[in-house]
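Okay, here's what each chain looks like letter by letter:
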Amino acid sequence: MLEFIPTNANNCRLQSITSERIIPELKAAIKCVHEYKYDTQLLIEGKDLDEDVISDYFTENFKGDCLLAVGDEELIKIHFHTNEPWKVLEYCASLGEIHDIVVEDMDRQARGLKG
């Protein structure tokens, strides 16, 4: 059996445990690591931003997973794993000013290289 243990934002490890502790989030976390290459994070600053509308747009228009879209009407934090981060940046830039942009190659990180 496996347990997902985050050791920091970019490093996770799996450990043996009993089967009753395996949860759906673990399976999703493992999938996140393997299927999509780029960890894309940014802030959107604007007016009348709606995290639900943004989240729905991502779900309907982008291939990826591990979506986080949280904030308020003026500032939204985005976290998303995808193979096409440029599409995410283009959409987010259409909503307002984007900043604190991070796009990391998770395959490189998994090999111990700078992402």
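Basis of the calculations
Residues numbered from 1 in each chain as written. Predicted model: local features only at pLDDT ≥ 70, side-chain atom pairs only at ≥ 80, totals over all residues. Heavy atoms only, no water. Helix = DSSP H or I, 4+ residues; strand = E, 2+ residues; numbered from the N terminus. Contact = heavy atoms within 4.5 Å. pLDDT = per-residue confidence, 0-100.

**Describing the environment of Ile-54**
1) Next: Looking at where Ile-54 falls in the secondary structure, it is placed in helix α2 (residues 51–61).
2) Next: For the pair Ile-54 and Ile-76, spaced 22 residues apart in sequence, the C-alpha to C-alpha distance is 9.1 Å.
3) Next: Not counting residues up to four positions away in its chain, the partners in contact with Ile-54 are Ile-44, Ala-69, Ile-76, Ile-78, Tyr-91 and Leu-95.

**Concerning the confidence of the model for the chain**
1) Next: When pLDDT is averaged across the chain, the result is 81; 70% of the residues are at 70 or more.
2) Next: Between the elements of the chain, mean pLDDT differs from a low of 43, seen in strand β1 (residues 3–8), to a high of 98, seen in helix α3 (residues 85–95).
3) Next: Predicted confidence is poor over residues 1–19, with pLDDT under 50, and the contacts of this stretch with residues over four places away or in other chains come to 36 contacts.

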